[in-house]
Number of protein chains: 2
Amino acid sequence: MSSVTEGKTKDKGKPRIRDAIQTQDRILTAAQAEFARKGYDGARVDAIIARAKVSKNLLYHHFRSKEELYIRVLERTYETLRRRQGDIPIAGLDPVDAMKRLCEDTFQVFIDEPDVITMLNTENLHRGKHIAKSPIIRSLYDRLSVSIRAILAEGEKQGVFRKGIDPVELYISISALGYFYLSNRYTLSMIFDRDLRNPASIERRKAHIVDMILSYLTSDGEPAATLGPVA
Amino acid sequence: MSSVTEGKTKDKGKPRIRDAIQTQDRILTAAQAEFARKGYDGARVDAIIARAKVSKNLLYHHFRSKEELYIRVLERTYETLRRRQGDIPIAGLDPVDAMKRLCEDTFQVFIDEPDVITMLNTENLHRGKHIAKSPIIRSLYDRLSVSIRAILAEGEKQGVFRKGIDPVELYISISALGYFYLSNRYTLSMIFDRDLRNPASIERRKAHIVDMILSYLTSDGEPAATLGPVA
DNA sequence: TTTCAAACTAACCAATTGGTCCAATAGAGC
DNA sequence: GCTCTATTGGACCAATTGGTTAGTTTGAAA
């Protein structure tokens, strides 16, 4: 009943549109919604075609299989992530401000694009077997890596950051602090009996992440180690 | 073929065992392996009965449905978590050592019980709908909460920890830093082209987590905020 | 020893699911 | 106008899946 695309004969209200790219995009959008909410096995092809308002034949005309469709959605997810992270403007900023910005924006991406989280979780449940088939993914971290190294180097030079920080480990931590909070918000809310989704909680979390990362970067390193390695 | 519990009627070789509890436990163990690896929708009842070496009807004799079985496994997962976290010996320790221990052991639980991670991820994909049906879960955080507050209070009293730390936010962060690293290790390994699973990487991560949490706790708080809130 | 509920099995079923076949229609470029 | 190909329609299929029916075995109480 929605009036987006209706296949009809010549003059009537909605002519059948022939735009393969736009159609594929509609299918991919519908597929993303379905895969992100239900996971790979829970997702139903019938649900996708209903959402996209296309016939089943058309879906299989454009995509070979459910799995290929899933991989395409996954690639799209990574593309979103890459685009959003590329947008983070940190050039020319003071290193502390730049790092603060990086933390906040990384968190914000996960808030704005919640499908990213469930898609990545689903893919990790499958032990990365689909992503391994896709060559597009690798470039994700490149641009970001350069930025992070630059910020760290500048901060080090200015004497505000400690030395010897592993940028990969750092980036994993920056992601982790926001990602886990959002990814596991349902079970966490249950355990703590606290609503983690309202805007106030989100803002508090964001501040907490910045606080933690900057504390780490600006502290002397190994601040206390009175206990030997614990088995 | 394992000879753990062999039911013996008088003497004969392969008697049918009648031990409801042990059988249920075998089913639950098999179900956990299946659910943890495949997720709820990907898990197959047939795979569970094959693993548990029981007939299908026996499974349905003990459990009402796939969903009930899943919930029982989920409860078991939480029980594991609760037991393991209760084991963490922090009483009487210096607050810094206690916190270090807490970080390391929290991470270690996720390493030792990898099913916990996938079960929680699966449950969060389903937006906690099953856990909501289960009354057993709530007590999880209680014991831990008391410990954390005690450590924080002592550290504060001694002047080594900053004031005003939210124990819930802190615990989420401690969990996040290890959980995300393990949960997303497949996609992360892909992006960074680095093996995150070998023992050396794991140990490095563990040290990093301790470092970060202790830096946060022992720093002055709000160490740098030259930039206003970023939209 | 009898009895009976509980533990157990094998075969079976109805519904779902990803995917196909066949036929028809129509827009866009040549 | 001709010809691709995007598009629809719907019947159809084989395989899979969660779940059931009908019946057998067994331990232990009475």
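Source: prediction; values computed, not measured. (Residues numbered from 1 in each chain as written. Chains lettered and ligands numbered in written order. Predicted model: local features only at pLDDT ≥ 70, side-chain atom pairs only at ≥ 80, totals over all residues.)

Observations regarding the overall build of chain A
The condition is simple: Helical segments are the DSSP runs of H or I of at least four residues, strand segments are the runs of E of at least two, and each set is numbered from the N terminus. Three exposure classes are used, all based on how many other C-beta atoms lie within 10 Å of a residue's own C-beta (placed from the backbone): buried at 20 or more, exposed at 12 or fewer, and partly exposed between those limits. Two residues form a contact once the distance between their C-beta atoms, set from the backbone, is within 7 Å.
Assigned secondary structure in chain A consists of ten helices and zero strands. Listing every helix and strand of chain A by position from the N terminus yields α-α-α-α-α-α-α-α-α-α. Looking at chain A as a whole, 38% of its 231 residues are labelled buried. Of the contacts made within chain A by residues no fewer than 6 positions apart, 66% connect residues no fewer than 24 positions apart.

As for the relation of the copies chain A and chain B
The criterion, for reference: Copies overlap after least-squares fitting; the atoms used are the C-alpha atoms of residues with pLDDT of at least 70 in both.
Taken as rigid bodies, chain A and chain B are interconverted by a rotation of 180° and an axial shift of 0.0 Å, the fit giving an RMSD of 0.1 Å. Between the two chains, the operation in question is that of a two-fold axis.

Brief notes about the UniProt feature "DNA-binding region" (unreviewed entry) in chain A
To be explicit about the condition: UniProt positions are given in the numbering used here, feature names are shortened, and annotations may be inferred rather than shown by experiment.
Annotation from UniProt places "DNA-binding region" (unreviewed entry) at residues 44–63 of chain A. The straight-line gap between the two end C-alpha atoms of residues 44–63 of chain A is 15 Å; of that span, 75% is helix and 0% is strand.

A closer look at the interface of chain A and chain B
Applied cut-off: Each residue gets one of three labels, nonpolar for Ala, Val, Leu, Ile, Met, Phe, Trp, Tyr, Cys and Pro, charged for Asp, Glu, Lys and Arg, and polar for the others, Gly among them.
Taken together, the contact between chain A and chain B spans 54 residues of the former and 54 residues of the latter. Of all the elements in the fold, those that place two or more residues in the side of chain A that touches chain B are α1 (20–42), α5 (95–112), α6 (114–125), α7 (140–157), α8 (167–183), α9 (185–192) and α10 (199–218) of chain A. It is α8 of chain A that provides the largest number of residues to the side of chain A that touches chain B, a total of eleven residues. Here the residues of the side of chain A that touches chain B are counted per class, giving 26 nonpolar, 16 polar and twelve charged.

Considering the confidence of the model for chain A
Residue and element names in this part refer to chain A. Keep this limit in mind: What pLDDT conveys is the predictor's confidence in a given residue, as a value from 0 to 100.
This prediction gives chain A a mean pLDDT of 86; 86% of its residues lie at or above 70. Across chain A, the secondary-structure element scoring lowest on mean pLDDT is α7, at 89, and the one scoring highest is α8, at 98. Confidence drops under pLDDT 50 across residues 223–231; counting only partners more than four residues distant or on other chains, this segment forms 13 contacts.

Things to note about the domain arrangement of chain A
All names here are of chain A. As a reminder, the rule being used: For the domain bounds, the source is a domain assignment made automatically or taken from a database.
Here chain A is described as being made up of domain 1 (1–63) and domain 2 (71–226). Facing eight residues of domain 1, the contacting portion of domain 2 comprises eight residues. Considered class by class, the residues forming the side of domain 1 that touches domain 2 number six nonpolar, two polar and no charged.

Remarks on the environment of L120 of chain B
Within the secondary structure, L120 of chain B sits in helix α6 (residues 114–125). With 25 C-beta atoms packed within 10 Å, L120 of chain B lands in the buried category. Each C-alpha atom, one on L120 of chain B and one on Y78 of chain B, is 9.1 Å from the other, the two residues being 42 residues apart in sequence. If near-sequence neighbours (up to four positions away) are discounted, L120 of chain B is found in contact with N184 and T187 of chain A.

Considerations on the packing of helix α1 (residues 20–42) of chain B against helix α4 (residues 66–86) of chain B
Residues and elements named next belong to chain B. Test applied: For helices, the fitted axis covers only the stretch in contact; all axes are lines through C-alpha atoms, and the angles between them, taken along N-to-C directions, range from 0 to 180 degrees. Oblique is the label for any angle not under 35 degrees, not over 145, and not in the 65 to 115 range, which are roughly parallel, roughly antiparallel and roughly perpendicular in turn.
Contact geometry for α1 and α4: axes closest at 9 Å, N-to-C directions at 95°. One finds that α1 runs roughly perpendicular with respect to α4. Where α1 approaches α4, its residues L28, A31, Q32, F35 and Y40 are matched on the opposing element by L69, Y70, R72, V73 and R76. A breakdown of the residues in the contact of α1 with α4 according to their chemical character gives seven nonpolar, one polar and two charged.

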